[in-house]
Amino acid sequence: MDEADEELERSGPQHSGPLLSKSASSSPSPFRVRDFTLFWAAGAVDGLGTCASSLFLPLILLGAGYPAGLAGLVASVALVSGLVVSPVAGVHADRRSRKPMMYVAALTAAGAMGSVFVAVALGHVVLVHVLAAAVVEQAAAAVNGAAATGARPRRVPPQGDPPAKG
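Residues numbered from 1 in each chain as written. Predicted model: local features only at pLDDT ≥ 70, side-chain atom pairs only at ≥ 80, totals over all residues. Heavy atoms only, no water.

## Quick word on the overall build of the chain
Step number 1: When you go through the chain residue by residue, the secondary structure sums to 6 helices and 0 strands.
Step number 2: Ordered by position from the N terminus, the helices and strands of the chain form the series α-α-α-α-α-α.
Step number 3: Long-range pairs, those at least 24 residues apart, make up 79% of the contacts in the chain with a sequence separation of at least 6.
Step number 4: Total accessible area on the chain stands at roughly 10,800 Å², and carbon and sulfur atoms take up 67% of it. (Helix = DSSP H or I, 4+ residues; strand = E, 2+ residues; numbered from the N terminus. Contact = heavy atoms within 4.5 Å. Areas by Shrake-Rupley, 256 points an atom, 1.4 Å probe, with all protein chains shown as cover.)

## Examining the confidence of the model for the chain
Low pLDDT means the predicted coordinates in that region are not meant to be read closely.
Step number 1: This prediction gives the chain a mean pLDDT of 79; 72% of its residues lie at or above 70.
Step number 2: Predicted confidence for residues 17-24 stays below pLDDT 50, and this span has 2 contacts to residues more than four positions away or in other chains. (pLDDT = per-residue confidence, 0-100.)

## Re the nonpolar core
Most often, soluble globular proteins keep nonpolar side chains buried together rather than apart.
Step number 1: Core analysis: the largest hydrophobic core is formed by 12 residues, namely L57, L61, A71, V74, A78, A112, M113, V116, V125, V130, A133 and A134.
Step number 2: If you look at the next biggest cluster of nonpolar residues, it comprises 9 residues, including F39, A89, A146 and A148. (Core = buried A, V, L, I, M, F, W, Y, C linked by side-chain atoms within 4.5 Å. Buried < 20%, exposed > 50% of the residue type's maximum accessible area, 1.4 Å probe, protein only.)

## Structural notes on a nonpolar patch on the surface
Step number 1: A surface patch of nonpolar side chains, amounting to about 380 Å² of accessible area, comprises L55, F56, L59 and L62.
Step number 2: Mapped onto the elements of the fold, L55 is located in helix α3 (residues 34-63). (Patch = residues over 30% accessible without salt bridge, like charges linked within 9 Å, V, L, I, M, F, W, Y side chains within 5 Å. Salt bridge = Lys/Arg side-chain N within 4 Å of Asp/Glu carboxyl O.)

## Some points on the environment of V125
Step number 1: If you trace the backbone, V125 turns up in the loop between α5 (98-122) and α6 (127-155).
Step number 2: Distance in space between the C-alpha atoms of V125 and Y66 is 9.8 Å, their sequence separation being 59 residues.
Step number 3: Filtering out sequence-adjacent residues up to four positions away, V125 remains in contact with I60, L61, A64, Y66, A119, V120 and V130.

## Some thoughts on the packing of α3 against α5
Step number 1: Between α3 and α5, the shortest axis-to-axis distance is 11 Å and the interhelical angle comes to 35°. Handedness of the α3/α5 crossing: left-handed. Judged by residue contacts, F39, S53, L57 and I60 of α3 engage M102, M113, V116 and V120 from α5. (Axes fitted to C-alpha atoms, helices over the stretch in contact; angles between N-to-C directions. Left-handed = near helix turned anticlockwise from the far one by under 90°.)

## Some remarks on α3
Step number 1: Taking 1.5 Å as the rise per residue, α3 with 30 residues should run 44 Å; its terminal C-alpha atoms sit 42 Å apart, in good agreement.
Step number 2: The largest bend in α3 is about 30°, located at S53.
Step number 3: Backbone geometry just downstream of α3 places G65 in the positive-phi region, at approximately 100°. (Expected span 1.5 Å × (residues − 1). Bend = angle between axes of the 7 residues up to and from the residue.)

Dropping the structure here:
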């Protein structure tokens, strides 16, 4: 054992990063706030559904016998509709109550995807229906995202919001 190793043993444990202060580690988790937990869970389910629809709608069209180009066109049009609606939804979210916007957007997206589920279950997959449902679902997801962005600070009190850790 050389002198450097002996010095390390005598000096005690070394910390590679900054230590958290006592006040930062003792702040309550935002997941202890019921409103935030419900908000987070609903957002996670909604986001998962939106991502799944972006993946499965083109596959549904391919399975129904439509060409790959049309399936890609449906996916592209749906994504562009979300991009177009997003700025307008942000303006409305700043001027109106966010909670009802989030409810209506989530129910609208669920209804659009539910209609596709029924069409697939009945074996009547029509391109125009899937396209309309995809556009409505992406637009509703954009509205929900715009409303949810400003809703988080209202769900967690400032003392419960943990500091950023870098």
